[in-house]
Amino acid sequence: MSVRAARDAAPRAVLLDLGNVLVGWDPFGPYAGHMARADVEAMFAQVGFAALNRRADGGTPWADLVAEVAVAAPQHARALERYPRHFADSLTGPVPGSAELVGELRAAGVALYGLTNWSAEHFGCAAPAAPAIGLLRDVLVSGEVGMLKPEPAFFRLAIERFGLDPARTVFVDDSPENVAGAAAVGLDAVRFTGADELRRQLRARGLPVRDVTA
């Protein structure tokens, strides 16, 4: 294949997950200095935090979720309430190397979008914690549309809304389930394990990012 042909066949868009791809997330952050990690872990296990968080990402207000816990496990309601009140403390800042990648792709004219499982009420915290998120052309937020990865409908909505050609769009996510879901609808899906490895994956697809060995 000629250089021109390879360039013409390269992906035209990159669709990025946000949490732990562009911005770090640690749900224990809101409790730092207030509760021992072991106590938070026990509380999370007893209230089913992962399921509650997913429901919040799907559009259920945290106030409603805390109210449910106040009935089912009242001893944990006050502690759980701290998480949504101090959500910004769960964001640990830019994922190392990701901002540079976004900047290089944007400078090269590659269309950049976001697709995230994130509660609508807290999405405003994202860009301040990782400014590269503000460089994306648009972000589709699960909590705003009532859909979640890896549901096929959520991926299809992103494809439609952003006008993407799935075969020429690289989807990047740290979750194996989300990567599999994206691949099932025809996106070129890559699991994020670090910025250097993502660079290699993008360069292998013909995208103009700096060689990690350079």
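Our structure is the block above this text.
K.L.:
Provide a residue-level description of unusual backbone geometry, including the pertinent values.
P.N.:
Between Lys149 and the following residue, Pro150, the backbone shows a cis peptide bond with an omega angle of 5 degrees. Considering the arrangement of structural elements, one finds Pro150 in the loop between helix H8 (142-145) and helix H9 (152-162). Of note in the backbone geometry, Asn20 takes a positive phi value of approximately 65 degrees without being a glycine. Look at Asn20 and you get partly exposed, because its relative accessible area is 30%.

K.L.:
Just give me the short version of the pairing of strand E7 (residues 188-191), but keep the residues and values in it.
P.N.:
Pairing between strand E6 (residues 169-173) and E7: 4 bridges, direction parallel. Residue Asp173 lies in a different strand from E7, and its bridge partner there is Arg191. Running through helix H10 (residues 176-184), the crossover from E6 to the neighbouring parallel element E7 is right-handed.

K.L.:
Tell me about the pattern of salt bridges, residues and numbers included.
P.N.:
Per the stated rule, a full pass over the model turns up 8 salt bridges. Salt-bridge contacts for Lys149 lead to Asp17; the nearest nitrogen and oxygen are separated by 2.9 Å. With Lys149 in the loop between H8 and H9 and Asp17 in the loop between strand E1 (13-16) and strand E2 (23-25), this residue pair connects regions lying 132 residues apart in the sequence. Given a relative accessible area of 1%, Lys149 falls into the buried group. The class of Asp17 is buried, set by a relative accessible area of 6%. A salt bridge links Arg205 to Asp188; the nearest nitrogen and oxygen atoms lie 2.6 Å apart. Remark: Asp188 occurs in strand E7 and Arg205 occurs in the segment after helix H11 (195-204); sequence separation between them is 17 residues. Look at Arg205 and you get partly exposed, because its relative accessible area is 22%. Looking at Asp188, the relative accessible area reads 23%, which means it is partly exposed.

Calculation criteria
- Residues numbered from 1 in each chain as written.
- Predicted model: local features only at pLDDT ≥ 70, side-chain atom pairs only at ≥ 80, totals over all residues.
- Heavy atoms only, no water.
- Helix = DSSP H or I, 4+ residues; strand = E, 2+ residues; numbered from the N terminus.
- Buried < 20%, exposed > 50% of the residue type's maximum accessible area, 1.4 Å probe, protein only.
- Pairing = 2+ DSSP bridges.
- Right-handed = clockwise from strand over helix to strand, strands pointing away.
- Salt bridge = Lys/Arg side-chain N within 4 Å of Asp/Glu carboxyl O.

Geometry only, nothing functional implied.
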